Amino acid sequence: QVQLVESGGGLVQPGGSLRLSCAASGSIFSINAMGWYRQAPGKQRELVARITSDSSTNYADSVKGRFTITRDNAKNTVTLQMNSLKPEDTAVYYCNVHARRDATWRLYGYWGQGTQVTVSS
């Protein structure tokens, strides 16, 4: 079994900062990539940021320069530092992990339960 534990969501004023963390545990052989997605009411889920095992990163255009994603391979954790937050960043943020359960090449996808981020005055 694989479990993702998310933390760091909450309410913040425009221009403020939040840091989201996600820790993966359980029957994991290796992690290929970890990332964060978000979904606002009435909108489709979208990629926010992603980081691979070799530290290659991808960011949505809307968050470039404001958000930073990092990972700790030894602890199987990923962190999203969010600065200069805007009301349009309001959404439920989901941790996503692609991992191998064993020495085979097959990858499995896992999702966290989601954490609410609200940016409002």
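Keep in mind that what you see is a predicted model, and the values were worked out from it rather than measured. (Residues numbered from 1 in each chain as written. Predicted model: local features only at pLDDT ≥ 70, side-chain atom pairs only at ≥ 80, totals over all residues. Heavy atoms only, no water.)

Positive phi, normally seen in glycine, also occurs at Ser55, with a value near 75°. Following the sequence through the fold, Ser55 ends up in the loop between strand E5 (46-52) and strand E6 (57-59). We classify Ser55 as partly exposed; its relative accessible area is 48%. The phi dihedral of Ser84 is positive, around 50°, even though this residue is not glycine. By the element assignment, Ser84 lies in the loop between strand E8 (77-82) and strand E9 (91-100). (Helix = DSSP H or I, 4+ residues; strand = E, 2+ residues; numbered from the N terminus. Buried < 20%, exposed > 50% of the residue type's maximum accessible area, 1.4 Å probe, protein only.)

For the rest of this paragraph, the subject is the state of the cysteines. Overall, the coordinates contain one disulfide when judged by the stated rule. Covalently, Cys22 is tied to Cys95 through a disulfide, its sulfur atoms 2.1 Å apart. As the torsion about the S-S bond is roughly -85°, the Cys22-Cys95 disulfide counts as left-handed. You can see Cys22 sitting in strand E3 (residues 18-26) and its partner Cys95 sitting in strand E9, a full 73 residues away along the chain. (Disulfide = S-S within 2.5 Å.)

We now examine the nonpolar core. Among the nonpolar cores identified, the biggest contains 31 residues, and Trp36, Val48, Phe67, Val78, Leu80, Met82 and Tyr93 are the most heavily contacted of them. Those elements that place two or more of their residues in this core are E3, strand E4 (30-39), E5, strand E7 (67-72), E8, E9, strand E10 (108-111) and strand E11 (115-119). Of all the elements, E9 adds the most residues to this core, at five residues. (Core = buried A, V, L, I, M, F, W, Y, C linked by side-chain atoms within 4.5 Å.)

As a further point, take the environment of Ser53. Along the chain, Ser53 turns up in the loop between E5 and E6. Along the backbone, Ser53 and Asp102 are 49 residues apart, and their C-alpha atoms lie at a distance of 16 Å. Once residues within four sequence positions are removed from consideration, Ser53 is found in contact with Ile31, Asn32, Arg71 and Asn73. (Contact = heavy atoms within 4.5 Å.)

Glancing now at the side chain of Asp89. Of note, Asp89 is situated in the loop between E8 and E9. With a relative accessible area of 1%, Asp89 lands in the buried category. Among the polar contacts made by the side chain of Asp89, one reaches the side chain of Arg38 at a distance of 3.0 Å. Apart from residues no more than four positions distant in its own chain, Asp89 is found in contact with Arg38, Arg66, Phe67, Ser84, Val117 and Val119. (Polar contact = N/O pair within 3.5 Å; in protein donor to acceptor, adjacent residues only side chain to side chain.)

Following the criterion strictly, the structure yields two aromatic pairs and no others. Taken together, a centroid distance of 5.1 Å and an interplanar angle of 65° make the contact between Tyr37 and Trp111 edge-to-face. Of this pair, Tyr37 sits in strand E4 while Trp111 sits in strand E10, and the two are 74 residues apart along the sequence. Trp111 sits in the partly exposed class, given a relative accessible area of 42%. (Phe/Tyr/Trp six-rings, centres within 6.5 Å; stacked < 30°, edge-to-face > 60°.)

In short, shape yes, function no, at least from these values alone.
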